[in-house]
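What follows is each chain in one-letter form.
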Amino acid sequence: MKSLLIKSAIASTVVLYLATFTRPVMAASFTISIEDAGKQIANYSNLDSYSYHVQNFDASTLKTGYSATGFQWTGVGSYTNTLIVDKNVYGGAGGTGKYFDVDSKISGNDKDGKPNQTFSTLTLATEQKYFGLWWSAGDANNVLEFYSKGNLVEKITTADVASYIGKLANSGGYKGNPNLQKDNNTTEPYAFINFYDVAGTFDQVKFTNIGGTGFESDNHTVATGYKSITGNVIRAVPESSSVLGVFAIGFVGATSVLTRGVKKKSVLQLS
């Protein structure tokens, strides 16, 4: 009996260790929120002041057009396979400057006739817990993915975003470019989205456009820490939920062994 309990405790400890220090693929660890309609930047006061960085793509060193090699985000990481576009109805936070895009029509084709760009990546120098972006002119072809050490840990599409926005009280306020008074593309959503990795970290963000449209975004914001969840929460993941679940598994396992031991002892006494 004692031996069985010891073995169960050891097994539970091993499971707890593995669940705590490894990340299963697509673990539910992200809380996602959307800022109020019209807002195009992150809530900077909520992010650790020493760790957050913003990329608005407006630097004079960033030229418009497609680049296979991308560019360095000083002190943060690097972008590859990039497309920078001047502001228009589809993007450009604040109605000024430039924005980030994934668009095979604009990037053109390679020597074999294949699209130069169907995706772009942001590889981070250090693990991060927060990412935010102004997701403009969203369409069903846009896909955003987060990776940690090569493992996919979160994936969201514009279809998901549109569904979430549809449930908000002011859902109509997100339709159309808020920087334009007319001809502002009212058929597509524009929103600043926050991604909080409450149960882990990520080191790469991948932007994919699976069709012949564009995946426009701006004001990419990363942070290694945050103070609280802000914005309209559209999907919540409790902090520590995965660890609590493992503790429960371990407890049930130990209890099961104990119960079996008690029942076995009773049977032996009756026989």
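Keep in mind the model is a prediction, meaning the values are calculated, not measured.

The antiparallel open sheet is built from 6 strands, whose spatial order is E4-E5-E8-E13-E10-E11. With partners counted over all chains shown, the strands left at the sheet margins are strand E4 (71-73) and strand E11 (151-157), one partner each. For this sheet, the mean inter-axis angle between neighbouring strands, taken without regard to orientation, is 20°. Here strand E8 (residues 119-128) runs beside strand E13 (residues 202-209); their pairing, made up of 6 bridges, is antiparallel.

The next subject is the pairing of strand E6 (residues 82-86). Across the 5 residues that make up E6, a large majority, 4, are buried. By the bridge criterion, 3 bridges tie strand E3 (residues 65-67) to E6 in an arrangement that is antiparallel. Following the sheet pairing, serine 67 is matched in E6 by threonine 82. Both E6 and strand E7 (residues 98-102) contribute to a ladder of 4 bridges, which runs antiparallel. For leucine 83, the partnering residue across the bridge sits in E7 and is aspartate 101.

What counts, and at which threshold
- Residues numbered from 1 in each chain as written.
- Predicted model: local features only at pLDDT ≥ 70, side-chain atom pairs only at ≥ 80, totals over all residues.
- Heavy atoms only, no water.
- Pairing = 2+ DSSP bridges.
- Helix = DSSP H or I, 4+ residues; strand = E, 2+ residues; numbered from the N terminus.
- Axes fitted to C-alpha atoms, helices over the stretch in contact; angles between N-to-C directions.
- Buried < 20%, exposed > 50% of the residue type's maximum accessible area, 1.4 Å probe, protein only.

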